[in-house]
Amino acid sequence: MKRRSLLVAGGLLGGGLLIGGFGTRRPSDLSRVGSPADFPAPEGAVALNAWLHIGLDGRVTVASPRAEMGQGTHTGLAVLVAEELDADWAQVRVANAPMQPVYANAAMFLNLLPLEGEGGLARWARGATLRFGVSLGWQVTGGSASIRDAWGPLRLAGAMARALLLQAAAHRLQRPLAELRTEAGAVWAGPQRLLGFGELAGAAALLEAPAEVTLKSRKDWRLIGRSPPRLDLPAKVNGTAQFGIDTRLPGMLYASVRRSPTFGGRCSGLAVEAIRQRQGVHSAFVLHDQLAVVVAERWWQAESALREHPPVFVPGPRGSLNSQDMRATLRRALDQHEGFAFEDRGDAKAQVAKAVGAVKAEYEAPFLAHAPLEPQNCAAQVAAGQVTIWMPTQAASLVRWKIARLLKLDSEAVTVHTTWLGGGFGRRLETDLAEQAVAIAQRLDGRPVQLLWSREEDFTQGVYRPMGVSRFEAVLAEDGKPLAWRNQLAGPSIGYEQTGRIAEWAAMDAPDKNHLEGAFHLPYAIPHFEARQLRIPLGVPVGSWRSVGHSLNGFFTECFLDELAQAAQQDPLAYRDALLDAQPRHRAVLREVAIRAGWGQPLPPGRARGVALHESFGSICAQVVEASVHEGQPRVHRVWAVLDAGTVVHPDAVKAQVEGSIVFALSAALHGEITIENGAVQQRNFPQQPLIGMADMPIIEVALMDSEAEPGGVGEPGVPPLAPALANALSSLLGRRIRRLPIRL
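Conventions adopted
Residues numbered from 1 in each chain as written. Predicted model: local features only at pLDDT ≥ 70, side-chain atom pairs only at ≥ 80, totals over all residues. Heavy atoms only, no water. Helix = DSSP H or I, 4+ residues; strand = E, 2+ residues; numbered from the N terminus. Rg over C-alpha atoms; globule rule 2.2 N^0.38 Å. Buried < 20%, exposed > 50% of the residue type's maximum accessible area, 1.4 Å probe, protein only. Contact = heavy atoms within 4.5 Å. Areas by Shrake-Rupley, 256 points an atom, 1.4 Å probe, with all protein chains shown as cover. Lys, Arg positive; Asp, Glu negative; His and termini not counted. Charge placed at Lys NZ, Arg CZ, Asp CG, Glu CD. Core = buried A, V, L, I, M, F, W, Y, C linked by side-chain atoms within 4.5 Å. Salt bridge = Lys/Arg side-chain N within 4 Å of Asp/Glu carboxyl O. Pairing = 2+ DSSP bridges. Axes fitted to C-alpha atoms, helices over the stretch in contact; angles between N-to-C directions. Disulfide = S-S within 2.5 Å.

Broken down by element type, the chain carries 20 helices and 27 strands. Scaling as 2.2 N^0.38, a compact globule of 745 residues should have a C-alpha radius of gyration of about 27 Å, and the chain matches this with 27 Å. In terms of overall dimensions, the chain has C-alpha extents of about 85 × 70 × 55 Å along its principal axes. Taken over 745 residues, the chain has a buried fraction of 61%. Nonlocal contacts in the chain, meaning residues at least 24 apart in sequence, comprise 76% of its contacts between residues at least 6 apart. Accessible area for the chain stands at about 29300 Å²; split by element, carbon and sulfur atoms hold 51% of it. Separation between the mean location of the 76 positive side-chain charges and that of the 73 negative ones in the chain comes to 1 Å.

Right under this line is the structure:
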């Protein structure tokens, strides 16, 4: 193996978590079906394995170890079980899974692999990574991995439960198994309904699980690919849905907090006595010289106290940071260093050096806030040696582990209740809210407390998508196709910082695939190719933001490819198509979006189309944007998106995810920017970083490609193509390239 491959293999998880010794084979689906003891059934129900209960009334409850944040995960997981079980969908429900290793999100770790292909190191790395993910046991929702991880185990769990029910029916009825079938939550013989699942569940639970079962063929699917009604929608429509912010507990107090507006600053003063005199205030104090806290009977009482008596903060060593200097730092790094090569094929450097008229460009992207609509919140209670947490989190197991470590408790002493999330986007992978809420609760003699951040605190105390500067050089062959491509990206390492916040001892400044993903292993045929990473800390906390590194690199690479098409005087869509001879799935997606968008057909005066194609999280997405300029501002009229996500479990939910991704990405492309002055974030609320409003919404059309491949991710692949497709459309219209986000004309 090349030294580069060894380095990459050693830093696969971006923070020094080693996976060697976990074998080369994927963990079997059977090993992940679990046992009834993993998912204890309430009275009146029976567990048949780790993934489902069947009630005596016939109701089927599916265990979900993934957070529901509007993406439809609970419904998708239930569909997988119910399909193979032959359950009556009207009788299916979902419950949060308990903390058990069997519920690990192993597929999420595949997003960290910088390798491609089916053989050698790539095969070993995938098998070892999945085994590592299973052994770690993290119940985390992220990386568009929920359905990808569940595809095998949950269908098998449903099929094994179905086999047990059939065996129980055959024994009770004294009829040959071959005469019986299942449908709509019951066992049938021909057209006659014999016994419901609820009547058989108790007997089925006493039987030994079969060693093998056969999954349904695609032609027999009744739920997968059919979009049954989503299980989370009724409660969201009738108002009974419970998000984290809705948590109410007997005797609960409410806390509001302030941290230093400058990164690394400390709190040097709080008017404790004056605040304690205010109506409803329970207590006021400063935690660890960092956090000013007011606890009251109502949240607004606590928040008003901090507004009327603002804490005094002293800037720390990062108090002089500003965005302009940070951009200059990244450019200097690109001038002085080559960085680590994630892909180095051929000799791109030599080709560029000897070429006359190489195409060169530099792109920029800013820090970005997550800003989910549900404010950051966490409720906590510390009593009798037990810690109980209620919060909208994407990482319940990480919260549990981190709190147990901080309080020097066994993990069993920490209980985390995951509520529905009003948006996550990677921000709720962090544990900071739980750490603060528990530290506050420790001072309250057993009373529960709900910590709620103000919107300003959320904007100014976040973990942000990294700033990045990306530099390109390319050489075109005589036919205009790219002969050589060099790319260097400079910016903070997501993996290093995120790992350090979870477990400082595990953080290692190693090659970080999360940072450069989407900039290497491009689908285009380029003989000489080089993509390098420079990990440059800037003093601003960074973390996972929806589609992570793809959100930057999709913009950088697809815009630069458009520049090459322009330099070659070729149509940008045809230019891409000609480079995809070895990538039939990518080509099919590109051609489909061209047909749907009417690429090449005349447009009204003052309008232009732009295209982008990007693969991320196991899925391929192409988008065409039709845009114009109105009163000096970009105006997006239509967006066409085509997604190849392999087998689609719930088409309506997938289309909704792509639509939501486009809205999310469009808001960021036009308005998203976090700027730093004197060590502090300048944007404090949505007026400074607005979301797209109804009046500015384009018409969005989403199409899904038919595929028999295993499912790919769907929550994030719709984000990366939007910004480059829009920038390419505007560049065509204006006659000048747009190389910086957000797009401001």
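Counting 82 residues, the largest nonpolar core has Trp485, Phe560 and Leu726 as the members making the most contacts within it. Sorting elements by how many residues they give to this core places helix 19 (residues 651-671) first, with 9 residues. With 51 residues, the next largest nonpolar core counts Ala50, Leu85, Phe197 and Leu200 among its residues.

Close approach of charged atoms lets side chains of opposite charge pair. Using the criterion set out here, one finds 50 salt bridges in the structure. A salt bridge links Glu517 to Lys513; its shortest N-O distance comes to 2.9 Å. The burial state of Glu517 is the same as that of Lys513; both residues are buried. Residue Arg638 pairs with Glu701 through a salt bridge whose shortest N-O separation is 2.3 Å. Placement of the pair is Arg638 in strand 24 (residues 633-644) and Glu701 in strand 27 (residues 699-704), with a sequence separation of 63 residues. Judged by its relative accessible area of 25%, Arg638 falls in the partly exposed class. Residues joined in a network through salt bridges with shared partners are Arg327, Arg331, Asp335, Glu362, Glu364, Arg471, Glu673, Arg740 and Arg744.

The next thing to look at is the sheet that holds strand 7 (residues 192-196). Sheet strands pair via backbone hydrogen bonds, and the direction of the pair is either parallel or antiparallel. Read across the open sheet, the 3 strands follow the order 5-6-7; overall the sheet is antiparallel. One side of each edge strand has no neighbouring strand; the edge strands of this open sheet are strand 5 (181-183) and strand 7. Neighbour-to-neighbour, the strand axes of the sheet open up by a mean angle of 40°, direction not taken into account. Where strand 5 and strand 6 (residues 186-189) come together, 3 bridges link them in antiparallel fashion. Pairing of Arg181 across the sheet is with Trp188, part of strand 6. On top of the sheet, helix 4 (residues 146-173) reaches strand 5, strand 6 and strand 7; it is set at about 105° to strand 7, its chief contact.

Another point: the state of the cysteines. Within the structure shown, the criterion is met by 0 disulfides. Left unpaired, Cys559 is separated from the closest cysteine sulfur, that of Cys621, by 15 Å. Assessed through its relative accessible area of 0%, Cys559 is described here as buried.

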